[in-house]
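The lines below spell out each chain.
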Amino acid sequence: MAYCFFCRKRKTSRSTFYKLDKDGHEICQSCMREGYAKSALEIIEHNRKVDESNGKVY
């Protein structure tokens, strides 16, 4: 089951989701409309940097 990366809303057959990056992170239409896509991308980038600094590259 897929969820919105930002608000954790569950993806259903009726909901619209948008891809954020090549790793498969998605954001729901509501969050996209509210302008949270940039914030979500910043969170993803931050998490990626933290994982790399800890030696955990996924």
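Residues numbered from 1 in each chain as written. Predicted model: local features only at pLDDT ≥ 70, side-chain atom pairs only at ≥ 80, totals over all residues. Heavy atoms only, no water.

Colleague: Where do I start with the pattern of salt bridges in this structure?
Modeller: Pairing between side chains of opposite charge can happen when their charged atoms approach one another. According to the stated counting rule, one finds five salt bridges in the structure shown. Glu-26 is the salt-bridge partner of Lys-11, the closest N and O atoms lying 3.3 Å from each other. One end of the pair, Lys-11, is in the segment before strand E1 (17–19); the other, Glu-26, is in strand E2 (residues 26–28), and 15 residues separate them in sequence. Put simply, Glu-26 and Lys-19 hold a salt bridge, and the shortest N to O gap is 3.8 Å. (Salt bridge = Lys/Arg side-chain N within 4 Å of Asp/Glu carboxyl O. Helix = DSSP H or I, 4+ residues; strand = E, 2+ residues; numbered from the N terminus.)

Colleague: What should I look at first to understand a nonpolar patch on the surface in this one?
Modeller: A contiguous nonpolar patch, built from Phe-6, Tyr-36 and Ile-43 and spanning about 240 Å² of accessible area, is present on the exposed surface. Tracing the backbone through its elements, the reader meets Phe-6 in the segment before E1. (Patch = residues over 30% accessible without salt bridge, like charges linked within 9 Å, V, L, I, M, F, W, Y side chains within 5 Å. Areas by Shrake-Rupley, 256 points an atom, 1.4 Å probe, with all protein chains shown as cover.)

Colleague: Looking at this model, I keep getting lost on the side chain of Asp-21. Mind explaining?
Modeller: On the secondary structure map, Asp-21 appears in the loop between E1 and E2. Asp-21 gets classed as buried once you look at its relative accessible area, which sits at 18%. Engagement of the side chain of Asp-21 in a polar contact is seen with the backbone nitrogen of Gly-24, the distance being 3.4 Å. Among the polar contacts made by the side chain of Asp-21, one reaches the side chain of His-25 at a distance of 2.8 Å. Residues in contact with Asp-21, not counting those within four places in the same chain, are Ile-44 and Arg-48. (Buried < 20%, exposed > 50% of the residue type's maximum accessible area, 1.4 Å probe, protein only. Polar contact = N/O pair within 3.5 Å; in protein donor to acceptor, adjacent residues only side chain to side chain. Contact = heavy atoms within 4.5 Å.)

Remember, this is a structural readout, not a statement about activity or role.
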